[in-house]
Every structure is written in structure tokens, then in C-alpha cells.
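# Observations on the model geometry
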Amino acid sequence: MGAAGMLASSLPPWLLRKDVTLPIITLALLLLLQLGIGFWVSKRITTEDDYLVAGRGFGYILGCGSIFATWFGAETVIGSSATVYQEGLTFNSAEPFGYGLCLIVFGAVLSRPLWKRQLTTLADLYRQRFGTTVERIAAIVLIPSSVLWAGAQMRALGQVIAGISPIDVELAIGIGALFTIAYTAVGGLLADAVTDVIQGSILSIALIAMLVVIVTQVGGPAEALHIIESSRSLAQAPVHPWYVVVESWAIPVLGSLAATEVIGRSIASRSPEVAQRSALGAGALYLLIGSIPVMIALLGSTLTGPIAEPEQLLPMVAQAWLPAPLYALFVAGLVSALLSTVDSTLLVASGLLSHNIVVPLANVTEHRSKVRLARLGVVALGVASYVLALNAEGVFALVEQASAFGSAGILVTVMFALFTPWGGPATAIATLVAGVASYSLAVVLDTPTPFLISLAVSLLVWLTGCLAETAPRRPASAVGT
């Protein structure tokens, strides 16, 4: 028996199957590579700015690539394909088009003015315009959704690892969480950006290769176009009331417009031009690559026939039709999409916690201490996300609401703070609280448009507050006369 035969005989049977060997090896190499990048980048970190905004030195590759990878999550790949497979391509399908449009609007409207503010976190804008009290309230509103997102992505990451190996789901979650927390805590935003570019590239290459293989399998480009044209039409899709359709588009376009993950990468750019063009480029790339799962879903029934779980469409097609190396790349791409979301959300939440709450309250001035607190924040919030991932029953329902929770109040206050002199601290606090409270109440009452309701309430509270602040007050001596 040769060396290869001896090695094969020592491996467990499940590892010898073609569908798991390469994916596991690829995943192991990916995790080790990202950990190595984190330690390599850590040698360049000396200040809080180095850690949280990468020294404000992003060029186009890191800026555009990291925004795209952060935005392009596994839910984009799996969720959009499942929706299109079920309903066809309809106006109900906000993903990927809504989120791509959001990036384009962000680049056109918000990227330059936010960069010019020289922020470290989004909460800094509230300190500049409204004072430290509003800054801390904004940070408290922003942190929970990031932690929930990270926990859900850790859970999904564990399920992917457990799905291709005999490792228990809880152990798989622990492995994924450990690696993600480690390289994020060590390397900060620069390590995140470098790994994001790698992760986004892997997923993009995997999806492009998958589309080429599938188009070949159905008979070539002409036949693929014919299948897409004759696929489920708009008339066959579920008919939703107009306000439900507006809600489904408002959440990605408006609810994510002031997303801290994108803002963090935009303000890390080396110039306002780079910030703007990176966001616009990431939006265009998102629409281009995000259309691939949609096209695969439109071709899916030809390859798979009816399936019980539409979210399993892309994994089923990949496992059935892709050669082993491309299947391994697809699995690595899904994991990469999850990792890029986890590292981004943990770093943003840690920045809000350390930079906007702990450092000023503890009066920390030394750079090394600030970096140490930011790293401890990543670890602490990473552990919290890990605990959520282990006890994930109900977490995914919360995460479904996370992109809209509190975002209406954030959006209203950010837009008025950036572009108008209107509104003071009391108005800003009332708007932030109203955004969270109205959304939560709308969800409890099971209304079909909780985000639109919270947006309307937030806008009304802001305008009312501005009117109250500018209304002439009667002199004290005139009261009662």
C-alpha cells in the first residue's frame, strides 16, 4: 500500500466521498487564510483609527470589494433564488434589486457628506449635531441589530459546516465563531476588508461558474433564454396589496440606507471621490452578480423538478450538477458570504460600544488602550452572538426584523442632521425612540407594513419637534395675563 493508500485508509468514510472532501479542505484553508491575514494586518495597527476605519486609506479595490462582499450575503443567494423559484420574477422580488438600488442611492446621496464629517462611527454624527447624550442613545439603538445579525449568520455557518461533515451543529457553530471572532478582533477593519475582497471574489467566481454549467446543461444560451422567457409569469405570482409591495421595497432601499456596515467602509476611504465611486461600483456589482441566483432559479425547475424546500434549490443544483472542485468553491462561497457579514457586524457593533460609550465614559485617552477596548468589544459581542446562535429558536424571526428595527428613526435623523440645520437634541431623541417603539408596536399588532408605519411616525415626530423648538414662547411675565 502506497502513502496515498495508507492516508485514505486512515480517513473516516464520510471524508472519502467526492461531495465533502474538497469542500472541507477548502473551508479549512479559507479559515486559516483569514486568521493569518488578521495576524499579519495586526502589526500595522497602532491607533483606534487604524483599527476601526483602517487609517482612512481604502482605495477602490478595498472600498468597492468590501462594500459588495458585506452587502452580498448568503441570504441574497439562497433567499432571492427561493423567492423567484416560488413566485417567478415579479414586483414582489425586492432582492437583489432593492439592496443594489440602496447602494447606488447611498453612493449618490450620502457617501460624500458622511466622509467629509470625518466620522469614526455613525454615532459620531449624532455627537457632532446633537451632543453626547444623543450619541449614546443612537449607539444603543444601533448595536442590537448587529449582534442579532451576527448570531444568525454564525448559526447558518454552523449548519453549512455540519451539513458537509459529521461535526455536530453546536460544535460547528463554535468553530466558525472562534475563527471569525479571532481574525476580526486581531485585524480590525483592514483585515475585514482584505478578507471581504477574497470572500466576495470566491462567491462571485462560484456563481458565474455555476451559471455557465447550468446554461450548458439546459442546452446552451438560446435554450436558457427560451426557458426564462416561458417561466412563471407575473400573473401566476401571488397578488399582494400595493402597500405590502411598497413595504417589501422600502425595507431594503430605505431601511438599509443608513446601514452602519456600509457607512463604516465608506468613511474609511481615502477621499470622498473614492467613497462615492466605491459605493456606486458595489451597487452595480451587486445587481450584476445578484442576478445570477435569479437566473438559476428561473432555470431551476428544468433541472430539479418540483422541490419541497425552495431554499434548497441552489445547494441541490450545485451538488447535482457541478464538478467536485466547483461544488467545493460554491460551498466556500456560501461560507465566505456568511463570514463577511459576521466580521462586519461585529466590528461595527464593537466600534459603537467602545468608541461611543466605553471610551468617553472611562475617559480613555491612550491609543493602545482604545484599540484594546475595541478588540475586547469584538470578543464580548462575538460571544453574545455565539450564545444567540446556540439558542437560535426564534432568533431568525428577530433577525428578519433587524434590518427594519429602529432604522426608520435612524434614517430620518441622519438625513435631517446631514442636510438641514433643523432639529435639536430633544427632537432627535424623540425620533429615535419613536422609530423603535412604533416599529415594535406595529409588529406586535401584526400590521402588514411595520416599517412604513415607523417611518411615517418618525418623520411626524421629527417635524413636530422642529415646530415645537421654533415656536415663539410667551414671556414668563405674560403667563396668566
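Keep in mind that this is a model prediction, so the values were computed, not measured. (Residues numbered from 1 in each chain as written. Predicted model: local features only at pLDDT ≥ 70, side-chain atom pairs only at ≥ 80, totals over all residues. Heavy atoms only, no water.)

## What to know about the overall build of the protein
Counting its regular elements, the protein contains 20 helices and zero strands. Expressed as a percentage of its 481 residues, the buried residues of the protein come to 55%. In the protein, the share of contacts with a sequence separation of at least 24, taken over all contacts with a separation of at least 6, comes to 85%. Here the protein displays about 20100 Å² of accessible surface, and carbon together with sulfur accounts for 68% of that area. (Helix = DSSP H or I, 4+ residues; strand = E, 2+ residues; numbered from the N terminus. Buried < 20%, exposed > 50% of the residue type's maximum accessible area, 1.4 Å probe, protein only. Contact = heavy atoms within 4.5 Å. Areas by Shrake-Rupley, 256 points an atom, 1.4 Å probe, with all protein chains shown as cover.)

## Regarding empty space enclosed by the protein
Summed over the entire model, instances satisfying the criterion amount to two cavities of 30 Å³ or more. In terms of lining residues, the largest cavity is bounded by 14 residues, among which L52, T120, T121, G264 and V348 are the most central. Secondary structure elements with two or more residues in the lining of the largest cavity: α3 (48-53), α12 (260-266) and α15 (324-362). The residue makeup of the lining of the largest cavity, split by class, is eight nonpolar, five polar and one charged. In this structure, the second largest cavity spans a volume of roughly 40 Å³. For the second largest cavity, the full set of lining residues is F68, A69, F72, Q199, G200, L203, S336, A337 and S340. Of all elements in the fold, only α4 (60-71), α9 (169-217) and α15 reach the threshold of two or more residues within the lining of the second largest cavity. (1 Å grid on protein atoms, 1.4 Å probe; cavity = no way out; pocket = protein on both sides within 12 Å on 5 of 7 lines; lining within 4 Å. Points joined across faces, edges and corners; volume = space filled by probe spheres on them. Nonpolar A, V, L, I, M, F, W, Y, C, P; charged D, E, K, R; others polar.)

## So, the layout of surface pockets
If you add up the space inside the second largest pocket, you get close to 200 Å³. Going through the elements one at a time, α2 (18-42) and α9 are the ones with two or more residues in the lining of the second largest pocket. Counting residues per element, the lining of the second largest pocket draws most heavily on α2, at five residues. For the lining of the second largest pocket, the class distribution of residues is 11 nonpolar, one polar and no charged.

## Thoughts on unusual backbone geometry
At A54, a position not held by glycine, the phi torsion is positive, near 55 degrees. Tracing the backbone through its elements, the reader meets A54 in the loop between α3 and α4.

## Digging into the pattern of salt bridges
Scanning the model with the defined rule gives five salt bridges in all. The partner of D49 in a salt bridge is R56, with the nearest N and O atoms 3.4 Å apart. Residue class for R56 comes out buried when judged on its relative accessible area of 15%. The partner of R127 in a salt bridge is D124, and the shortest N-O contact between them spans 2.9 Å. Here the residue R127 and the residue D124 both occupy positions in helix α7 (residues 123-130), the gap between them amounting to three residues, near one helical turn. Owing to a relative accessible area of 32%, R127 belongs among the partly exposed residues under this scheme. When its relative accessible area of 2% is taken as the criterion, D124 is described as buried. Each of the salt bridges in this network shares a partner with another, and the network as a whole consists of D124, R127 and E135. (Salt bridge = Lys/Arg side-chain N within 4 Å of Asp/Glu carboxyl O.)

## Side note on a nonpolar patch on the surface
Together, L22, I25 and L29 make up an exposed nonpolar region whose accessible area comes to about 270 Å². Within the fold, L29 resides in helix α2. In this structure L29 comes out as exposed when scored by relative accessible area, which is 55%. (Patch = residues over 30% accessible without salt bridge, like charges linked within 9 Å, V, L, I, M, F, W, Y side chains within 5 Å.)

## Description of the packing of aromatic side chains
Throughout the structure, instances matching the rule amount to eight aromatic pairs. Taking 6.2 Å as the distance between ring centres and 75 degrees as the angle between the ring planes, the aromatic pair formed by W71 and Y99 counts as edge-to-face. Separated by 28 residues along the polypeptide, W71 in helix α4 and Y99 in helix α6 (residues 97-116) bring together distant segments of the chain. Ring pairs connect the aromatic residues Y126, F130, F416, W422 and W462, which therefore count as one cluster. (Phe/Tyr/Trp six-rings, centres within 6.5 Å; stacked < 30°, edge-to-face > 60°.)

## Notes on the confidence of the model for the protein
Here the protein shows a mean pLDDT of 83. Residues at 70 or above account for 84%. Per-element confidence in the protein is highest for α7, whose mean pLDDT is 96, and lowest for helix α1 (residues 3-10), whose mean pLDDT is 37. For residues 1-18, every residue scores under 50 in pLDDT, and the model assigns this stretch 15 contacts once sequence neighbours within four places are set aside. (pLDDT = per-residue confidence, 0-100.)

## Some details on α4
The end-to-end C-alpha separation of α4 is 16 Å, in line with the 16 Å expected for 12 residues at 1.5 Å each. Extensive coverage of α4 is indicated by the burial of nine of its 12 residues. Among all positions of α4, only G63, C64, G65, S66, I67, F68, A69, T70 and W71 are buried. (Expected span 1.5 Å × (residues − 1).)

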